[in-house]
Amino acid sequence: MSERRRQPIISVLGHVDHGKTTILDRIRETKVASGEAGGITQHIGATEITLDVIKQQCGKLLSSGDIKIPGLLFIDTPGHEAFTTLRKRGGSVSDLAVLVVDINEGFKPQTDESLQFLKDFNTPFVVAATKLDKIRGWNSVDGACFSEAFGKQRKKVREGLDEEIYKLMGDLSERGVTSDRFDRVDDFRKKVGIVPVSGITGEGIPDMLAVLIGLSQKFLSGNLEIESNKGRGTVLEVKESRGLGTTLDVILYQGIMRKGDKIVVGGDRPVVSSVKALLKPRELGELRTEKKFVSFDEVSAASGVKVSGPGLDGVVAGSPLQSLRPEGDVERAIDEMKEEVEEVKIESHGEGIIIKADTLGSLEGMINMLEDKDIPIMKASIGDVTRKDAMEARSVGDPLKRAIFAFNVGVTDAASKCKEDVKIFKSPVVYRLVEEYEEWKKERSEEIRREKLREVTRPGKIRLLPGYVFRQRKPAVVGSEVIEGVIQPGYDLVKEGKRIGRIKEIQEEGVSVDSAKGGDKVAVSLSGVTVGRQVEEGDVLYNLLSDRDILKLEELEDMLSKGEKRVLGEGKEKLYG
């Protein structure tokens, strides 16, 4: 085992527009965030921050003791997506994470989703409470550590900040996380540290870096040794690069990758290639925005590296990657890649929804989230939604489970044609998929209940009004008052528990109507009835309810009117036999 130590991998995640990229911009003194659409990160970025830069930023906060790690590799994420993309067998590539929360806004939906992923992957994290400079009355001290900036504030402002931190601690406590302001934490294994920071003024950033270095030194040292026989990584993005063809942006999280190595990239069909070129951004450059790259013969973990090689067109972002020396066992690597993909995919004979995602990490994250919400899954796999997926969803017996989640993937035209029978939810944000599904499920459930109610005879009773017999028979036509409930054409009527005829037509003011309800006065034509024989003027008649009708009505009782409920309760056995 080599004594070389790699950089810890730090994922920065949280709700959109809470200041993730701005924090990293301040550290590397660049302006990436201002170039993002709407200030929201559009692609995954990786930036190596060397130990020299960290020492320069932290100053006296870092002890002069022996720091054995060479720096930190930060992964800037669009929401939480890079975190799920950055997966490896059994967990996350990330060693630590920074959960970014706007101290003035608190938890938002994507904050919750990010926290859930951190829990699912058992990733230690600190909270960066951003936009410190927006606290009411705050006087900024550019680049200062937190204690210096905090000490220069008025008492009322300090109390206001503490109040916001306590709110954030409450939010975290409600979600099962014990936390405190970082300088009050005695044991980071038992409490999550909250570091107030500003990406604009740089306040608190030295403290955040110092906490991350301290956690890495204390708790991760045994996990940071570099293996030299092979490299392992995860594909962040697949790009077309001028002069190089298809290239892979890779996070190398273990080992060493060399020019000339064989590489095996996982997926439904593993891709085998060889490393033609290894390119890294300049110092403090960012993998996704760098224009000028430096060529290397070998790259060691942890690194963000651009890999060029033949035949990489079929690679999908989020795929696992192995690099081997030219004499390495490629077939074994292919089998390992296949196994890793199969471990995540789901094929079930039970009833449930279908999940399609763009990467293994996204798929794994969605599976965990849906299982936590007790949403059954029939199938989970990578790729666009196809007609086969739609047909499988259509075959599900429970109509509330005839649904497909499409996360960051397309829907083929053939699949779209099945949308009348299958509901396809499409979004790049998991929590929105779940929210939309829950809303649809509620609406569809009510629609199904209404359909069931239309299939049964509803409770109702009428009085044949004296002096309003318009025809005695074939059919009898009598002016009637609906006392309670509902009547419709086709309903059979009973008198004293015995069937006496059927409603043929209902007219109101000379116009045929589909139904009449309690309080309505209408003309009712009755087939099989002769006034003066089976019925008399003034009689009260009830809708005939079968045993099946009664069972269904009891199941749907909350959808019945008060009058219908009273009619249903008026001695079912006596009235309906």
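Residues numbered from 1 in each chain as written. Predicted model: local features only at pLDDT ≥ 70, side-chain atom pairs only at ≥ 80, totals over all residues. Heavy atoms only, no water.

1. Structural notes on the packing of helix α9 (residues 360-372) against helix α12 (residues 430-454)
Cut-off, in case you're wondering: Lines fitted to C-alpha atoms define the axes, with helix axes restricted to the stretch in contact, and inter-axis angles between N-to-C directions lie between 0 and 180 degrees. Strands are runs of DSSP state E lasting at least two residues, helices are runs of H or I lasting at least four, and both sets are numbered from the N terminus onward. Reported orientations rely on four angle classes, namely roughly parallel under 35 degrees, roughly antiparallel over 145, roughly perpendicular from 65 to 115, and oblique for the rest. For any helix crossing, the convention is left-handed if the near helix is rotated counterclockwise from the far helix by under a right angle, and right-handed if that rotation is clockwise. Two residues qualify as a contact provided that any one of their heavy atoms is within 4.5 Å of a heavy atom in the partner residue. Residues were grouped as follows: Ala, Val, Leu, Ile, Met, Phe, Trp, Tyr, Cys and Pro as nonpolar; Asp, Glu, Lys and Arg as charged; and all remaining residues, including Gly, as polar.
Direction vectors running N to C along α9 and α12 enclose 40 degrees, while the axes themselves pass 11 Å from each other. One element, α9, and the other, α12, form an angle in the oblique class. As α9 runs across α12, the sense of the crossing is right-handed. Contact residues: α9 offers M366, M369 and L370, while α12 offers V430, L433 and V434. In the contact of α9 with α12, the residues fall into six nonpolar, no polar and no charged.

2. Concerning helix α1 (residues 20-28)
In plain terms, the rule: Here the term buried applies to any residue with accessible area under 20% of the maximum for its type, exposed to any over 50%, and partly exposed to those in between, with areas from a 1.4 Å probe on protein chains only.
Among the nine residues of α1, seven are classified as buried, and the element is accordingly described as predominantly covered. For α1, the complete set of buried residues consists of K20, T21, I23, L24, D25, I27 and R28. Looking one or two residues past α1, E29 carries a phi angle of roughly 55 degrees, positive in sign.

3. Comments concerning unusual backbone geometry
Residues other than glycine predominantly adopt negative phi, and peptide bonds predominantly adopt the trans conformation. Here the bond from A301 into A302 is cis, since omega is -5 degrees, no more than 30 degrees from zero. With respect to the element layout, A302 can be found in the loop between β16 (298-300) and β17 (303-308). Of the consecutive residues K474 and P475, the connecting peptide bond is found in the cis state with omega at -15 degrees. Summarising the element assignment, P475 is placed in the loop between β24 (460-471) and β25 (476-487). Of note in the backbone geometry, K131 takes a positive phi value of approximately 60 degrees without being a glycine. Mapped onto the fold, K131 is located in the loop between β7 (125-130) and α5 (146-151).

4. Thoughts on the packing of aromatic side chains
This is how it is decided: In this scheme Phe, Tyr and Trp rings, the latter by its six-membered ring, pair at centre separations within 6.5 Å, and the angle between planes marks the pair as stacked below 30 degrees, edge-to-face above 60, and tilted otherwise.
Per the counting criterion, the structure on display carries eight aromatic pairs. Between F425 and Y437, the ring centres sit 5.9 Å apart and the planes meet at 85 degrees, which makes this aromatic pair edge-to-face. With F425 in strand β23 (residues 423-427) and Y437 in helix α12, this pair connects stretches of sequence that are twelve residues apart. The exposure class assigned to F425 is buried, which follows from its relative accessible area of 4%. Each member of the aromatic cluster is reached from another via a ring pair, and the members are F405, F425, Y437 and W440.

5. Some thoughts on the confidence of the model for the protein
Detailed reading of the predicted coordinates is not advisable wherever pLDDT is low. Filter applied, for reference: As a per-residue measure, pLDDT reflects the predictor's confidence and takes values from 0 up to 100.
Chain-level statistics for the protein give a pLDDT mean of 84 and a share of 88% at 70 or above. Low pLDDT, under 50, characterises residues 30-44; the predicted model gives this stretch 35 contacts beyond four residues in sequence or across chains.

6. Points about a negative patch on the surface
For clarity, the cut-off: Every patch collects residues that have over 30% relative accessible area and no salt bridge, joining them within 9 Å if they carry like charges and within 5 Å if they are nonpolar side chains (Val, Leu, Ile, Met, Phe, Trp, Tyr). Method for areas: the Shrake-Rupley scheme with a 1.4 Å probe, in which residue coverage is limited to the protein chains shown. Here, a salt bridge means any side-chain nitrogen of Lys or Arg that lies within 4 Å of a carboxyl oxygen of Asp or Glu. By the counting scheme adopted, Arg and Lys are positive, Glu and Asp are negative, and His together with the chain ends is not counted. Taken as the charge location is NZ of Lys, CZ of Arg, CG of Asp or CD of Glu.
A surface patch of negative charge is lined by E435, E436, E439 and E443. Note on placement: E435 falls in helix α12. What makes E435 partly exposed here is its relative accessible area of 40%.

7. As for the pattern of salt bridges
Where side chains of opposite charge bring their charged atoms close, a pairing between them can arise. Using the criterion set out here, one finds 37 salt bridges in the structure. We note a salt bridge from R6 to D95, for which the minimum N-O separation is 2.9 Å. Of this pair, R6 sits in the segment before β1 (9-14) while D95 sits in the loop between β5 (91-92) and β6 (96-102); the two residues are 89 residues apart in sequence, bridging distant segments of the chain. Judged by its relative accessible area of 9%, D95 falls in the buried class. A salt bridge links K131 to D102; the shortest N-O distance between them is 3.7 Å. Of this pair, K131 sits in the loop between β7 and α5 while D102 sits in strand β6; the two residues are 29 residues apart in sequence, bridging distant segments of the chain. Counted as one network, the salt bridges with shared partners bring together D162, D180, R181, D183, R184 and K191.

8. Things to note about the packing of helix α2 (residues 51-58) against helix α7 (residues 205-219)
The contact between α2 and α7 brings their axes to 8 Å, and the two run at 130 degrees. Taken together, α2 and α7 sit at an angle that is classed as oblique. The element α2 and its partner α7 pack so that their crossing is left-handed. Contacts from L51, I54, Q57 and C58 in α2 reach I205, P206, L209, A210 and I213 in α7. The class makeup of the residues in the contact of α2 with α7 is eight nonpolar, one polar and no charged.

9. Comments concerning the pairing of strand β3 (residues 71-76)
Consecutive side chains of a regular strand alternate in pointing toward one face of the sheet and then the other. Our working definition: If DSSP finds at least two bridges between two strands, the strands pair.
Most of β3 sits out of view: six of its six residues are buried. What you see with β3 is no split at all: G71, L73 and I75 on one side and L72, F74 and D76 on the other are buried throughout. Bridge analysis of β1 against β3 gives four bridges, and the strand direction is parallel. Bridge pairing in β3 places S11 opposite I75.

10. Description of the side chain of N543
What counts, and what does not: Nitrogen and oxygen atoms within 3.5 Å of one another constitute a polar contact, given that in protein one can donate a hydrogen and the other can accept it, and given that sequence-neighbouring residues count only through two side-chain atoms.
With respect to the helices and strands, N543 occurs in strand β31 (residues 540-543). A polar atom in the side chain of N543 sits 2.7 Å from the backbone oxygen of R458.

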